[in-house]
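A closer look at the structure
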Amino acid sequence: MSMTPEQAAWFRDTFTRLVDNVDLALMGKREVVGLVLAAMLAEGHVLLEDAPGTGKTSLAKALAASVQGSSTRIQFTPDLLPSDVTGVTIYDQQNHKFEFHKGPVFASIVLADEINRASPKTQSALLEVMEESRVTVDGVPHEVGRPFLVIATQNPIEQAGTYKLPEAQLDRFMIKTSIGYPSLAVAERILAGEVDRNPSSKLSPVITTKAVADMADLAATVHVDPAVARYAAQLVEATRASDDTKLGVSVRGAISMMRMARVVAASQGRHYVIPDDVKALAAPVWTHRIILDPEAEFSGTTSESIIERALGQIEAPLARASA
């Protein structure tokens, strides 16, 4: 059953209230907050490529506080073990049985700080729970619950001593974006001491975690017209056919686009996806999935330019694709 206009209006109002609430802690970054919130409601994960001190931890805490959830932060280092992320089974001598002690990954919002500083083995431990929403330790599965959002970060400048995420791991992140530095006006307020050092601690919850799961289920019912789906598929094919790419957008990337587009449509009060939703999401959903040909990259070609070229080549459907 497709989403009704009344449900779309409720979704839009709730989404706006959530963004407003998080923006109290992360001032002036409504667009980024909306993208990250949409990724959570699409049940995906986020890769933030940002310099230190731009508010990544504040974003995770504020989002968790807004949905009455929990948040954890994992600082990835070369000596971090997979069990430090997922948890470990310990033998209880009093009860004479093994008990599972949950790791920090068991939270509503998990901030994986500088994920590329951990070994590939530790990275893969996190990626399993991202894909399956569960952790398997000693053959026993443990569900992490809903909602579950991983916000992984990378420093785009300092690459010494890091382990670059391979293409298959990058593909598991629904979107890639950045928060960026605050505007001059916001920076002045921070330096003047007008902004609380821990603003997320004073936020009131807007909805419950159960309501977040309900919103995610509701977003999945947004109508996608075959013409819009064909348009997205043609864009994906264009990134693969380009002479400047070694690897274009994957099938997972195309599916992620449709999931994100449904949430964005609902957040704007629509019960159907339009081509403009796909256009607006093309960069955050697809840029990190495109691997450039070395010669093209050396000549200055970027993933963004590949997507812009595809958007210019493929004609968007003109008719409004409503249910």
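Residues numbered from 1 in each chain as written. Predicted model: local features only at pLDDT ≥ 70, side-chain atom pairs only at ≥ 80, totals over all residues. Heavy atoms only, no water.

The chain has the name MoxR-like ATPase in an unreviewed UniProt entry, where Microbacterium oleivorans is given as its organism.

**Comments concerning the environment of Val32**
Turning to its location among the elements, Val32 is positioned in helix α2 (residues 30-41). For Val32, a relative accessible area of 9% puts it in the buried group. Residues Val32 and Lys210, spaced 178 residues apart in sequence, show a C-alpha to C-alpha distance of 24 Å. Among residues more than four places away in sequence, those in contact with Val32 are Thr177, Ser178 and Ile179. (Helix = DSSP H or I, 4+ residues; strand = E, 2+ residues; numbered from the N terminus. Buried < 20%, exposed > 50% of the residue type's maximum accessible area, 1.4 Å probe, protein only. Contact = heavy atoms within 4.5 Å.)

**Describing the side chain of Thr177**
Here Thr177 is to be found in strand β9 (residues 175-177). Every residue in contact with Thr177, bar those within four places of it in the chain, is listed here: Val32, Leu35, Val46, Leu47, Leu48 and Glu49.

**Quick notes on the side chain of Thr122**
With respect to the helices and strands, Thr122 occurs in helix α5 (residues 120-132). Excluding residues that lie within four positions of it along the chain, Thr122 makes contacts with Phe76, Leu80, Leu81, Pro82 and Val85.

**As for the domain arrangement of the chain**
Often the size quoted for an interface is simply the accessible area lost on bringing the parts together. Taken domain by domain, the chain holds domain 1 (1-208) and domain 2 (222-318). The distance between the C-alpha centroids of domain 1 and domain 2 comes to 24 Å. For the pairing of domain 1 and domain 2, the buried interface totals around 2,000 Å² over both sides, and the portion due to carbon and sulfur atoms is 64%. Contact with domain 2 buries area across many residues of domain 1, yet Met3, Asp171 and Met174 alone supply 30% of it, more than any other trio. For the pair domain 1 and domain 2, the number of links is three salt bridges. A salt bridge links Arg252 to Glu131, with the shortest nitrogen-to-oxygen separation between them at 3.9 Å. Run the count over domain 1 and domain 2 and you get nine residue pairs in polar contact (both at pLDDT 80 or more). (Domains from an automatic or database assignment. Buried area = accessible area lost by both parts, 1.4 Å probe. Salt bridge = Lys/Arg side-chain N within 4 Å of Asp/Glu carboxyl O. Polar contact = N/O pair within 3.5 Å; in protein donor to acceptor, adjacent residues only side chain to side chain.)

**Thoughts on the UniProt feature "domain: ChlI/MoxR AAA lid" (unreviewed entry) in the chain**
According to UniProt, the "domain: ChlI/MoxR AAA lid" (unreviewed entry) feature falls on residues 238-309. Taken end to end, residues 238-309 is 62% helix and 7% strand, and its first and last C-alpha atoms sit 9 Å apart. (UniProt positions renumbered as here; feature names shortened; annotations may be inferred.)

**Some points on the layout of surface pockets**
Each pocket or cavity is described by its volume, and for the largest pocket that value is around 650 Å³. Those elements that place two or more of their residues in the lining of the largest pocket are β1 (46-49), α6 (167-170), β11 (291-292) and α13 (303-313). Grouping the constituent residues of the lining of the largest pocket by class yields eight nonpolar, ten polar and six charged. Among the domains, domain 1 (1-208) and domain 2 (222-318) are the pair contributing at least three residues each to the lining of the largest pocket. (1 Å grid on protein atoms, 1.4 Å probe; cavity = no way out; pocket = protein on both sides within 12 Å on 5 of 7 lines; lining within 4 Å. Points joined across faces, edges and corners; volume = space filled by probe spheres on them. Nonpolar A, V, L, I, M, F, W, Y, C, P; charged D, E, K, R; others polar.)

**A look at the nonpolar core**
For soluble globular proteins, the rule of thumb is that nonpolar side chains tend to be buried together. One finds Phe11, Met260, Val278 and Trp286 to be the most contacted residues of the largest nonpolar core, which totals 72 residues. In terms of residue count, the dominant contributor to this core is α2 (nine residues). Split by domain, this core shows at least three residues from each of two domains, domain 1 (1-208) and domain 2 (222-318). Sequence-distant contacts of Trp286, that is, excluding residues within four places in its chain, are made with Ala232, Leu235, Val236, Val249, Gly253, Ala254, Met257, Val278 and Ile307. Within the second largest apolar cluster, 25 residues are counted, among which are Leu126, Phe148, Ala152 and Leu170. (Core = buried A, V, L, I, M, F, W, Y, C linked by side-chain atoms within 4.5 Å.)

**Some remarks on the sheet that holds strand β2 (residues 71-75)**
In spatial order, the strands read β2-β5-β8-β1-β9; together these five strands make up an open sheet with parallel pairing. Every other strand in the sheet has two partners, leaving β2 and β9 as the edge strands with one partner each. Going across the sheet, the axis of each strand differs from the next one's by a mean of 20 degrees, ignoring polarity. As defined by bridge partners, β2 adjoins strand β5 (residues 109-113) across five bridges and the pair is classed as parallel. The partner of Thr72 across the bridge, within β5, is Val110. Against the sheet, helix α3 (residues 56-66) contacts β1, β2, β5 and β8 (149-154), and its axis sits at roughly 170 degrees relative to β5. (Pairing = 2+ DSSP bridges. Axes fitted to C-alpha atoms, helices over the stretch in contact; angles between N-to-C directions.)

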